[in-house]
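Spelled out, the chains give:
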Amino acid sequence: MPMPHAYRTASKDWRAFLDDAKERMGLVSDNMAYTATDGVLQVFRRRLTVAEGIAFADELPAVLRAMFVYRWDVGAGPVEWGPRAALVAEAKAVRKDHNLTPDDCIEAVAWAVRRQVRLVDFDRVLAGIGPEAEAFWAVEVSDPAELGRRFS
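**Here's the deal with the side chain of Thr101**
Within the secondary structure layout, Thr101 lies in the loop between α6 (84-92) and α7 (105-114). Thr101 gets classed as buried once you look at its relative accessible area, which sits at 6%. Not counting chain neighbours up to four residues away, the residues in contact with Thr101 comprise Thr35, Ala36 and Lys92.

Here it is in structure tokens:
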């Protein structure tokens, strides 16, 4: 069996994602974009069961998948969803002394993620998790082609 495409192109896919996220959030460094992305992924992950989280991670590109599961306390149960402002504040609290995450971090990371995934499968998994998950990763664009899958 040949090497899966996701592993062969992991570095290029990560670079494309990071550039998209950084630009979308108006950040100036890869470290800033990484921290914002990590915060958003942790916020979402805290609200999922392990089964939901693995189903979600399966739809992510390799590096984002690794980030999503890194140091996940799978013994902790899901926490309640809250208002968007509380979710953003939670993302901003990750590594708070080194975090310059903007208020639009969830939308910006969602936009960048959607450019990297197969949308039909990503949306199917989100629908299976529930309306809160769908709302968390929702992105409004004027042209749906803007979110077309980016191939390396």
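More follows now that the structure is in view.
**Quick look at the environment of Glu59**
Relative to the helices and strands, Glu59 is located in the loop between α4 (50-57) and α5 (62-69). It is 9.0 Å that separates the C-alpha atoms of Glu59 and Leu119, two residues lying 60 residues apart in sequence. Ignoring any residue separated from it by four or fewer positions in sequence, one finds Glu59 in contact with Val117, Asp121, Phe122, Arg124 and Val125.

**Remarks on helix α3 (residues 30-45)**
Taking 1.5 Å per residue as the helical rise, α3 with its 16 residues ought to reach 22 Å, and the 22 Å between its terminal C-alpha atoms agrees with that figure. Most of α3 sits inside the fold, with 13 of its 16 residues counted as buried.

**What about the packing of aromatic side chains?**
In total, this model carries twelve aromatic pairs according to the counting rule given. When the ring of Trp14 is compared with that of Phe17, the centres are 5.7 Å apart and the planes differ by 25°; the resulting orientation is stacked. Of this pair, Trp14 and Phe17 both sit in helix α2 (residues 10-25), three residues apart, which is roughly one turn of the helix. Summarising the aromatic geometry, the rings of Phe44 and Trp137 are spaced 5.4 Å apart at their centres and angled 85° between planes, so their arrangement reads as edge-to-face. Taken as a pair, Phe44 in helix α3 and Trp137 in the segment after α9 (131-136) lie far apart in primary sequence, 93 residues in all. Every member of this aromatic cluster is reached through a ring pair, and the members are Phe44, Phe56, Phe68, Trp72, Trp81, Phe122, Phe136 and Trp137. Positioned over the ring face of Trp111 is Arg24, at 4.1 Å from the centre of the ring. A cation over a ring is seen here: Arg84 above Phe136, with NZ or CZ 5.6 Å from the ring centre.

Scoring rules and cut-offs
- Residues numbered from 1 in each chain as written.
- Predicted model: local features only at pLDDT ≥ 70, side-chain atom pairs only at ≥ 80, totals over all residues.
- Heavy atoms only, no water.
- Helix = DSSP H or I, 4+ residues; strand = E, 2+ residues; numbered from the N terminus.
- Buried < 20%, exposed > 50% of the residue type's maximum accessible area, 1.4 Å probe, protein only.
- Contact = heavy atoms within 4.5 Å.
- Expected span 1.5 Å × (residues − 1).
- Phe/Tyr/Trp six-rings, centres within 6.5 Å; stacked < 30°, edge-to-face > 60°.
- Lys NZ or Arg CZ within 6 Å of the ring centre and 35° of its normal.

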